[in-house]
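Survey of secondary and tertiary structure
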Amino acid sequence: MFNVSEAHRAKMLDQIQTHRLVGLLDDTYSFTEADVIGVSYKNQCSQKNVALGSVNIGVLKLTLLVDLLDRGDYYGKKIVLYDGLKIEEESGEDVFEDVPVGVFYIAEAIRTAAGIVITAYDVLSKTDKNLTIDQTSGTLYYFCKYIESETGAHFGMSQEA
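Described below are features of the structure shown in this document. Here the residue index of a chain counts from 1 through its sequence in written order. With the structure being a predicted model, the display of local features is reserved for residues of pLDDT at least 70 and the display and counting of side-chain atom pairs for 80 or more, all residues being used for whole-chain, interface and lining totals. The basis for the side-chain values is all heavy atoms of the structure; hydrogens and waters are excluded.

Our focus in this paragraph is the overall build of the protein chain. Regarding its fold elements, the protein chain presents two helices and seven strands. Only DSSP runs of H or I with at least four residues qualify as helices, and only runs of E with at least two residues qualify as strands; both kinds are numbered from the N terminus onward. Along the protein chain, helices and strands appear, N-terminal first, in the series α-β-β-β-β-β-β-β-α. A 1.4 Å probe rolled over the protein chains alone gives each residue an accessible area, and that area as a share of the maximum for its type sets the label: buried under 20%, exposed over 50%, partly exposed in between. Looking at the 161 residues of the protein chain, the share that counts as buried comes to 27%. Contacts are assigned to residue pairs that have any heavy atoms within 4.5 Å of one another. For the protein chain, the share of sequence-separated contacts (at least 6 apart) that also reach a separation of at least 24 residues comes to 54%. To be clear on the numbers: accessible area is Shrake-Rupley with a 1.4 Å probe, and residue cover counts the displayed protein chains and nothing else. A total of about 10800 Å² of accessible surface is found on the protein chain, and carbon and sulfur atoms cover 50% of it. Under the convention used here, Asp and Glu are negative, Lys and Arg are positive, and both His and the chain ends fall outside the count. Taken as the charge location is NZ of Lys, CZ of Arg, CG of Asp or CD of Glu. Positive and negative charge centroids in the protein chain, built from 14 and 24 side chains respectively, lie 7 Å apart.

This is the structure in structure tokens:
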């Protein structure tokens, strides 16, 4: 869950809302909805049926009109996607509050006549593998830290939380 301002909460109740799409590629290159001709995001289960221990992986499909990286340099790069809600207009300028949709890692980038078609998966895709656990005692925090160390996925939690 993300913290948002009271103005954001109030605007979410409006029947008419103005949104924008912004993103950051590789912590360096920013893009906006003007640079995108298609975007979709969904969660999918790692198996055909939901099962104990399965992973719900977020999938981002994005077509960029701009070529931000050299050929072959897209693979493994991080994309952070934001949904911005217009919360006010100040001195003729729109003021947006951006909320992250997710952090994704590029698995495929194909150049087409339409643009760069990107398929990226969230960090949970790194956990979709078999792990052997030799010890079954400890807190949930220590199990999560073990999974982080074995997969490279970071859950962003502290022992206190």
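The biggest cluster of nonpolar side chains holds 17 residues, and the ones touching the most others in it are L25, F31, L62, L64, Y74, I79 and I118. With sequence-adjacent residues up to four places away left out, L62 is seen in contact with F31, V36, G38, V39, I79, I116, V117 and I118. Buried residues of nine kinds, namely Ala, Val, Leu, Ile, Met, Phe, Trp, Tyr and Cys, make up a nonpolar core once their side-chain atoms join them within 4.5 Å.

Let us look at the pattern of salt bridges. Salt bridges are defined by distance alone: a side-chain nitrogen of Lys or Arg within 4 Å of a carboxyl oxygen of Asp or Glu. The full count for this structure, using the stated rule, is seven salt bridges. Two residues, E6 and R9, come together in a salt bridge whose shortest N-O distance is 2.8 Å. Of this pair, E6 and R9 both sit in helix 1 (residues 6–12), three residues apart, roughly one helical turn. On the basis of relative accessible area, R9 is assigned to the partly exposed category, the value being 41%. For D98, the salt bridge goes to R20, with nearest N and O atoms at 2.7 Å. Taken together, the residues D98 in strand 6 (residues 93–111) and R20 in strand 1 (residues 19–25) connect sequence positions 78 residues apart.

On to the environment of G72, then. One can find G72 in the loop between strand 4 (56–64) and strand 5 (78–90). For G72, a relative accessible area of 63% puts it in the exposed group.

The next subject is the pairing of strand 1. The two faces of a sheet get side chains in turn, since along a regular strand they alternate between them. Strands were regarded as paired on the criterion that DSSP finds at least two bridges between them. In this sheet, strand 5 lies alongside strand 1 in antiparallel orientation, the contact comprising seven bridges. Across the sheet, residue L25 finds its bridge partner in strand 5, namely I79. As defined by bridge partners, strand 1 adjoins strand 2 (residues 29–32) across four bridges and the pair is classed as antiparallel. Within strand 2, the position partnered with V22 by the bridge is T32. Connecting strand 1 to the next strand, strand 2, in antiparallel fashion are three residues, including D26 with a positive phi near 60 degrees.

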